[in-house]
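Architecture at a glance
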Amino acid sequence: MKKSTVTGIVVSVLLLACSAPPVSQTASAQEDSSRGTLRDRIKQRLLERQQQKPAPQASTDARSKISQPGDYTFSIVHGGLTRMYRVHVPSKYDPAKPAPVVFAFHGGGANMEYQATDENYGQVAKSEREGFIVVFPNGYSKLPSGKFATWNAGTCCAAARDENVDDVGFVKTMIDNLGHQLNIDRGRIFATGMSNGGMLAYRVACEMADTFKAIASVAGPDGTTSCNPSRPISILHIHAKNDDHAQFAGGAGPKSQERTKVTNFRSVPETISRWVAHNSCSPTPKRVLEKPGAYCDAYQSCRGGVEVRLCVTDRGGHSWPGAAKTRGEPASTAISANDAMWEFWNRQRALSALVSRSSQPTRSPHRAQASRATPADG
């Protein structure tokens, strides 16, 4: 039975129930119970079908050198669980030159293949244009195929959160593996994600600030229960005002999953305020972009030369700005999430270089001349 057919059955049952003539309270309760049982049976049948699907073909050798561009899928065991991830090495990759790395965490209920599909997110095409390596990890799933996966981002989501899955440790292991396989730029490792994946990006910002240069979250507010970054880290948050899942003003929206599987989402303003405080930024933002349908505010003068930036779209719902395909409302075209985050990450590199130069002590010409005149020891 195709998914569209199943959906049609559920809709037909609901429409039939709504158009039926009034019945007694007892009969109505029986009908509701029967309808609920049918939905449960359909869900169970879909789950059984998914359980029969095999795992993606993947290599268990996650340490051998990768010298050629292409797509590579790996399966490893971490924390007693089989975990999968996909690596895209762009055609511009040169083993002699360190390449930046972007971790792209899928949304709750999706998987690595969905995130790596360009019509959904366009991240492989962006990798090809800019020359960065992009990693698509798979969240925790009880299915061999890895579908319907979630991340343990603190307060969300579902089984990954409920079973306290070690997703941060999984990320650390992947980075360690990549260091053996590819020539990666350790100073340019970034994380991004959609929804629950964006929430995980916040968690690695809290717990792996010594590894990640910056993160960018799309439609996923900070869901950490505690956060003590080891150093300042740059944050970009992208969110639609009319998000109907993780609402801009906080809380789970009407299109969100069952409340027990998600959380009472932290608001976007509170998320930004937390990171402005973490990074000791100026509390007064600077408007750095304003155009029809979108604006961006930057919080600057932060410790370590980092930045906190918020980009807001008027429309788009719970989606990735610039995406060609969505599951709900069409994505905003006022900005491109991929372009916004890459520009932001490149800016952080320039800011870090500027801070590094300014922090170096200035020697007087007289001392510099004396230094040159002194013979070297030995």
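Data block above holds the structure.
Just so it is clear, the structure is predicted and the values come from calculations on it, not from any experiment.

Focus: the overall build of the protein chain
In terms of regular secondary structure, the protein chain is built from ten helices and ten strands. Counting across all 378 residues of the protein chain, residues that qualify as buried make up 48%. The contacts in the protein chain between residues at least 6 apart in sequence include a share of 60% that link residues at least 24 apart.

What about the packing of aromatic side chains?
The final tally for this structure, using the stated rule, is twelve aromatic pairs. Residues Y114 and Y121 carry aromatic rings whose centres are separated by 6.1 Å and whose planes lie at 75 degrees to one another, so their mutual orientation is edge-to-face. Assigned by exposure class, Y114 and Y121 land together as buried. Ring geometry for F190 against W342: centres 6.4 Å apart, planes inclined by 80 degrees, an arrangement best described as edge-to-face.

Overview of the pairing of strand β10 (residues 308-313)
Counting buried positions along β10 gives six out of six residues, so the element sits mostly inside the fold. The side-chain alternation of β10 yields two buried faces, one formed by V308, L310 and V312 and the other by R309, C311 and T313. Pairing between strand β7 (residues 234-240) and β10: six bridges, direction parallel. In the sheet register, I238 faces β10, and the bridge partner there is C311. Pairing of strand β9 (residues 294-299) with β10, which is carried by six bridges, proceeds in the antiparallel orientation. Residue pairing across strands places A294 opposite T313, the latter belonging to β10.

Here's the deal with the nonpolar core
Formed by 51 residues in total, the largest nonpolar core has its most connected members in Y85, V87, F103, L182, F212, I215 and W275. Those residues in contact with V87, other than ones at most four positions away along the chain, are G70, D71, Y72, F74, I133, V134, V135, L178 and L182. In this structure, A110, A216, C296 and A331 belong to the second largest nonpolar core, which totals 34 residues.

Some details on the state of the cysteines
Taken as a whole and assessed by the stated rule, the structure comprises four disulfides. C156 shares a disulfide with C157; S-S distance 1.6 Å. Where C156 bonds to C157 through sulfur, the torsion about that S-S bond is close to 80 degrees, and the disulfide is right-handed. C157 carries the same exposure label as C156, and that label is buried. Here C281 connects covalently by a disulfide to C302, the sulfurs 2.1 Å from one another. One quick way to see it: the torsion about the S-S bond of C281 and C302 is about 110 degrees, and its sign makes the bridge right-handed. With C281 in the loop between α8 (268-278) and β8 (286-291) and C302 in the loop between β9 and β10, this residue pair connects regions lying 21 residues apart in the sequence. Each bonded cysteine of the protein chain gets a number by its place in the sequence, and the pairs then read 1-2, 3-4, 5-7, 6-8.

Quick notes on unusual backbone geometry
Here the amide bond leading from C156 into C157 is cis, since omega sits at 15 degrees, within 30 degrees of zero. Relative to the elements of secondary structure, C157 occurs in the loop between β4 (133-137) and α5 (158-162). Look at N164: it is not a glycine, yet its phi comes out positive at around 50 degrees. Residue position: N164 is located in the loop between α5 and α6 (167-181). Assessed through its relative accessible area of 58%, N164 is described here as exposed. Phi is positive for S280, which is not a glycine, with a value near 55 degrees. Structurally, S280 is set in the loop between α8 and β8. The class for S280 is partly exposed, based on a relative accessible area of 39%.

Here's the deal with the side chain of K126
With respect to the helices and strands, the residue K126 is situated in helix α4 (residues 123-130). On the accessibility criterion, K126 (7% relative accessible area) is buried. Among the polar contacts listed, one links the side chain of K126 to the side chain of D339, at a separation of 2.8 Å. Leave out the neighbours within four places in its chain, and K126 touches F132, N338, D339 and W342.

Some thoughts on the pattern of salt bridges
Under the defined criterion, the tally for this structure stands at 21 salt bridges. A salt bridge links R161 to D162; the nearest nitrogen and oxygen atoms lie 2.9 Å apart. Overall, the relative accessible area of 18% leaves R161 in the buried class. Between R266 and E270 there is a salt bridge whose closest N-O contact spans 3.5 Å. One connected set of salt bridges, linked through shared partners, spans D222, R266, E270 and R274.

Thresholds applied
- Residues numbered from 1 in each chain as written.
- Predicted model: local features only at pLDDT ≥ 70, side-chain atom pairs only at ≥ 80, totals over all residues.
- Heavy atoms only, no water.
- Helix = DSSP H or I, 4+ residues; strand = E, 2+ residues; numbered from the N terminus.
- Buried < 20%, exposed > 50% of the residue type's maximum accessible area, 1.4 Å probe, protein only.
- Contact = heavy atoms within 4.5 Å.
- Phe/Tyr/Trp six-rings, centres within 6.5 Å; stacked < 30°, edge-to-face > 60°.
- Pairing = 2+ DSSP bridges.
- Core = buried A, V, L, I, M, F, W, Y, C linked by side-chain atoms within 4.5 Å.
- Disulfide = S-S within 2.5 Å.
- Polar contact = N/O pair within 3.5 Å; in protein donor to acceptor, adjacent residues only side chain to side chain.
- Salt bridge = Lys/Arg side-chain N within 4 Å of Asp/Glu carboxyl O.

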